[in-house]
Amino acid sequence: MIGVLNKMIMRDLVKTLSAVLSVLVVIIVSRKFIRVLDQVIEGQIASDTLLVILGLKMVIACVTFLPAATFMAVLMVLGRMYRDHEMAAISSAGGGVLTIYRAIFLVLFPLSLGAGYLSLNVAPWAESQIELRTHHDKESADIRGLVAGKFSEYSHGDIVFYVEKINEDKQLEHIFVQHRQNDSVAIINAHSGHLADLEDGQYIILNQGERVQGKAGALDYAIEKFDEYAIRIDTKVAPLVSVKQAVPFEELWDSSASVDTAEIQRRFAVPLGILLLGFIAVPLAELSPRGGVYGNMLIGFIIYFSYGNLLSVSQSWVLKHSIPAWLGLVSVHGLLMVVGCVLLAKFYGWKWLMLSLKKRGHRV
């Protein structure tokens, strides 16, 4: 059964974790939003895709920063409890550090399981969806970014397009087109037109206009009037290059390449980081009377950034075959476990720990 104390700590931890994670995700995604918005303005990404990409990036950011948010949330919740003397009340009632660990890990253990699933499966799926949508939009970028009153180039400069007005129904009015075909140039004026996706490609359909075609410097020109005229716009065909973050976990597991092993290590670091950083945060949150609620937050930042840098270094060593693949994952998290044990021993006090060991030695 979950007691009142456990429920109180769990509730505060979930609220603080949600707030911290939301702030981190908003900061990171807002920076990415500016980059994606620049691509939309340039016509490389469709405006309809913007919100989808941002939603997928929010999922990826949540998974990436969940260990950091968990670490900060535990430090903030326990730091507030020390400041408000709630820890002293818990100790006087017979509750020790195991009581705090029980309440913390009732949240962190299921959270790490969910984060593991997100890191191994959901985040790669989101990365692959972003790549597919971005690739599709870049292929069809020639027909995007059409602005009234502005000259636009399409099909690698073979088509120069100008439209005077675009109405609410996306119908184009008063159109000028310069269409280059080999050495011949066609000048087309049309009363109206629209963009259309047909079976064999994308076209500009022009209505009620005149077409003049010939070679520069020659005197023989063909002049014709038309009721309807279509110009095909060549799309950009580029290979889809998939990054390792978008590769499904099953493919990585079946591969023996070092780059795939390093990616597996990165994904497993998310659930392991949540558990071990939570383990460290409990003794680290102990404050001196003058420390304040954020007294040990600076040390927490140093530990987390050192942990993140060591993860990056271990992955690079795995890629270079400097260390075995299993050592890359075990070494960093093993070191994190050692740091947690040292902080826990400091929490109890070294003298008390030595006396406890001596008593157990005498009993044996």
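It should be emphasised that the depicted structure is a prediction, and the values quoted were computed from it without experimental measurement.

## Some points on the overall build of the protein chain
- Secondary structure summary: the protein chain contains ten helices and six strands in total.
- Relative to its 364 residues, the protein chain shows a buried fraction of 41%.
- In the protein chain, of all internal contacts separated by at least 6 residues, the share reaching a separation of at least 24 is 59%.
- A total accessible area of about 21000 Å² is found for the protein chain, and carbon and sulfur atoms account for 62% of it.

## What about the nonpolar core?
- Grouped together as the largest cluster of nonpolar side chains are 62 residues, with contacts concentrated most on Leu13, Phe71, Leu78, Ile100, Ile104 and Tyr307.
- If you list the elements that add at least two residues to this core, you get α1 (4-41), α2 (47-64), α3 (66-83), α4 (86-92), α5 (97-139), α7 (258-284), α8 (297-319) and α9 (325-348).
- Apart from the residues lying within four places of it in its own chain, the contact partners of leucine 13 are Ala73, Val74, Val77, Ile104, Val107 and Leu108.

## Brief notes about α3
- Its 18 residues give α3 an end-to-end C-alpha distance of 25 Å, which sits within 8% of 26 Å, the value for a rise of 1.5 Å per residue.
- Of all 18 residues in α3, 14 are buried; the element is thus mostly enclosed.
- Within two residues after α3, histidine 85 carries a phi angle of roughly 60 degrees, on the positive side.

## Let's talk about the packing of aromatic side chains
- In this structure the tally under the stated criterion is eight aromatic pairs.
- With 5.4 Å between their ring centres and 40 degrees between their planes, phenylalanine 226 and tyrosine 229 make a pair best called tilted.
- When the centroid spacing of 6.4 Å and the interplanar angle of 50 degrees are considered together, the rings of tyrosine 304 and tyrosine 307 count as tilted. Of the two residues, tyrosine 304 and tyrosine 307 are both situated in helix α8; the distance of three residues between them amounts to about one turn of the helix.
- For tyrosine 307, a relative accessible area of 6% translates into the label buried.
- In this structure an aromatic cluster arises from ring pairing among Phe301, Tyr304, Phe305 and Tyr307.

So, how was this worked out
Note that residues are indexed from 1 along each chain, following the sequence as it is written. Restriction of local features to residues with pLDDT of at least 70 applies here, the model being predicted, together with a cutoff of 80 or more for giving and counting side-chain atom pairs; totals for whole chains, interfaces and linings are based on all residues. The basis for every side-chain value is the complete set of non-hydrogen atoms in the structure, without hydrogens or water. Think of it this way: any DSSP run of H or I at least four residues long counts as a helix, any run of E at least two long counts as a strand, and we number them from the N terminus. For every residue, the accessible area (1.4 Å probe, protein chains only) is compared with the maximum for its type, and the residue is labelled buried under 20%, exposed over 50%, or partly exposed between those bounds. The contact rule is simple, with two residues in contact once any of their heavy atoms fall within 4.5 Å. Only the protein chains shown count as cover for residues, and the accessible areas themselves come from Shrake-Rupley with a 1.4 Å probe. By convention a nonpolar core is built from buried Ala, Val, Leu, Ile, Met, Phe, Trp, Tyr and Cys residues, the set being connected through side-chain atoms within 4.5 Å. For a helix, the expected span equals 1.5 Å multiplied by the number of residues minus one. Pairing of aromatic side chains here covers Phe, Tyr and the six-membered ring of Trp, requires ring centres within 6.5 Å, and sorts the geometry by plane angle: under 30 degrees stacked, over 60 edge-to-face, intermediate tilted.

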